[in-house]
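Okay, here's what each chain looks like letter by letter:
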Amino acid sequence: MKIFNTIPIHTLGYIFIALIGSVFIFQAAYFEPHDFSNYYFGAELLFTKSLGADIYFPHIFNLEVAALGTQNIFVSYAPNTPFLATLFYPLTFFSVAMAKIIFNSISLVLFLFSLRRLVKAYPVNLLYLVALPLVFFIPLRNNFMFGQVYLLLFFLLSEGFLAYKKEAYLKMSLFWSVAILFKVFPVLLFGMLLFRKKYKAFIYLWLACLVLFGVSLLINGYEIWEFYLTSVLPKSGKGEISREFVQNYQSMFMFLKYSFPSNIAVFSMLLFVFKISLIALSFVFTKQLKSDFKIFSFWMLFIILWSPYGSTYSLLLLLFPFIFYSKKVNKTSFLLIALLFIINTIPIHYFSNFSIPFSFPRLWVLLLLVVLVIRTSEIQFHWKKSLLIFFPITIIYFFGILPKETITAPSIVSEKHILTYDYKIENGKLSYLYWDEKGEHSETTVINVKMVDSTNISLRNNQIFYKNKQLTFTKSNKIKPAIINNNELIYLSDFKKGIGFFSVHTSPFDSKSK
């Protein structure tokens, strides 16, 4: 007992967090590689086989991983940046299991290091410090079990903020530029610096990002970065990581997509209004509040709400508002932390069969948290002036997004499988190949095929042409177009899905009218 008497009381809180983290690392060692395999094999194939932009096509990525001798695994590198693979490359000198243990251990050490420094700068009540691993039990556990990177991101964002607070902008820019090239979404911190009129910090961060991007271009190559910026990033920005509809994302983007699946104009207008409102609210917060840490904490909330996709492990970003409101035990802090606990632990899968809007519980609790933060911040928001600005912008935007022409949606033959990568004709029937965590499979459809013609079909800029007549107009990657039975166009497309997550598409074809 004398030993414990000599240890500072808050240190016991960190020891408690470290013990729980260590248990998670031990459990993760006997768990499948999961998301960690995307980073690990992505780094290995980019550097040892120079896979290039093909790494973003999951059927190629999975076939290459299988060729390495790894079985019963499903990998997808998108939406990760090429830069991320560079950071993971040293881990490829170890087995995937050992690399995951090493990565999780480093992440825990860096997480505890930054957490202690942040709490030292912004003191936390011991009761809340001990409660931290309970409030964030699911995000912490899933980060370790899946080998995710958000513990490391917390370190980068936290150290960058502490440097920003001391006006050590060079140090700040180093941490935040790595975070930006690591996961992209921290790029929204440029907005915080701009609204805060921290122009020197803005320039430092911009230059650091340019330098780091230049280094990554030299290491990873121009081709893969061009493909990432022009193809992968736009799709991920629309929430197209794998499937078109993913209820687990619990984002406003996905809620509106579920609510208006066939009305693009209404979906786009409402999403635009939501994002404009977020920007306006962030501007007011940043301009009116004096506490840099409260502003930064709100921006973490803003980033989560802005993103088209979400996850349990990304909720670790809510640690910043948790720490800010944990200084004293009172009614407000208890209510805010109770909401954080609900956000982090609510079992989303139990609500998957509920109707809209009840299938998005985490989103509504997040918005409730934002409302409570606003109510306790004593900010002044001029609603009437805002409406005068928003209304004409919304009207202009609405007319701008009205569809110029109606594009007939193709039929999807292989919709029930997430990754179809080829089709063939067997015994007069259309069959397709798909991939899951157990490897390659084949499924035969009921579609009869008497003839296949690909002589007059060509692909130009990801659009299908019959002779010189354009047949498709959707923005997607397309491969293997052909005409079957002289009356139907068939091809593979990742339309409204993640990069390379192909499905077999068919649409009517009349050779006489072409």
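Here the structure is shown first, and the text comes after it.
If you're wondering where the values come from, they're calculated on a predicted model, not measured in any experiment. (Residues numbered from 1 in each chain as written. Predicted model: local features only at pLDDT ≥ 70, side-chain atom pairs only at ≥ 80, totals over all residues. Heavy atoms only, no water.)

A word on the pattern of salt bridges. If you walk through the whole model with that rule in mind, you get six salt bridges. Here D292 makes a salt bridge to R196, at a shortest N to O gap of 3.2 Å. Of this pair, D292 sits in helix α16 (residues 292-306) while R196 is found in the loop between α11 (189-195) and α12 (199-220), placing the two residues 96 residues apart along the sequence. For D292, a relative accessible area of 13% puts it in the buried group. In this structure, E426 and K424 form a salt bridge, with 3.3 Å as the shortest nitrogen-oxygen distance. What you see here is one network of salt bridges that share partners, running through K165, R196 and D292. (Salt bridge = Lys/Arg side-chain N within 4 Å of Asp/Glu carboxyl O. Helix = DSSP H or I, 4+ residues; strand = E, 2+ residues; numbered from the N terminus. Buried < 20%, exposed > 50% of the residue type's maximum accessible area, 1.4 Å probe, protein only.)

Quick look at the sheet that holds strand β8 (residues 469-470) now. The sheet built from three strands is open, its strands ordered β6-β7-β8 with antiparallel pairing. At either end of the open sheet lies a strand with only one pairing partner, and these are β6 (457-460) and β8. Note that β6 and strand β7 (residues 463-466) share four bridges and pair antiparallel. Looking at β7, one finds that S458 is bridged to F465. (Pairing = 2+ DSSP bridges.)

The next point concerns the packing of helix α6 (residues 96-121) against helix α8 (residues 137-146). Two elements in contact, α6 and α8, have axes whose closest approach is 9 Å; the angle formed by their N-to-C orientations is 145°. Contacts between α6 and α8 involve K100, N104, L108 and F111 from the first element and L140, N143, F144, M145 and F146 from the second. Looking at the contact of α6 with α8 residue by residue, the classes come out as six nonpolar, two polar and one charged. (Axes fitted to C-alpha atoms, helices over the stretch in contact; angles between N-to-C directions. Contact = heavy atoms within 4.5 Å. Nonpolar A, V, L, I, M, F, W, Y, C, P; charged D, E, K, R; others polar.)

Core analysis: the biggest nonpolar cluster contains 147 residues, and Y56, F88, W176 and F322 have the highest contact counts within it. Top element by residues in this core is helix α9 (residues 150-165). It accounts for twelve residues. Look past the residues within four positions of Y56 in its chain and what remains in contact with it is Y77, A78, N80, T81, P82, I224, F227, Y228, V232 and I499. The next biggest cluster of nonpolar side chains, apart from the first, holds eight residues, and it includes I457, L489, Y491 and F509. (Core = buried A, V, L, I, M, F, W, Y, C linked by side-chain atoms within 4.5 Å.)

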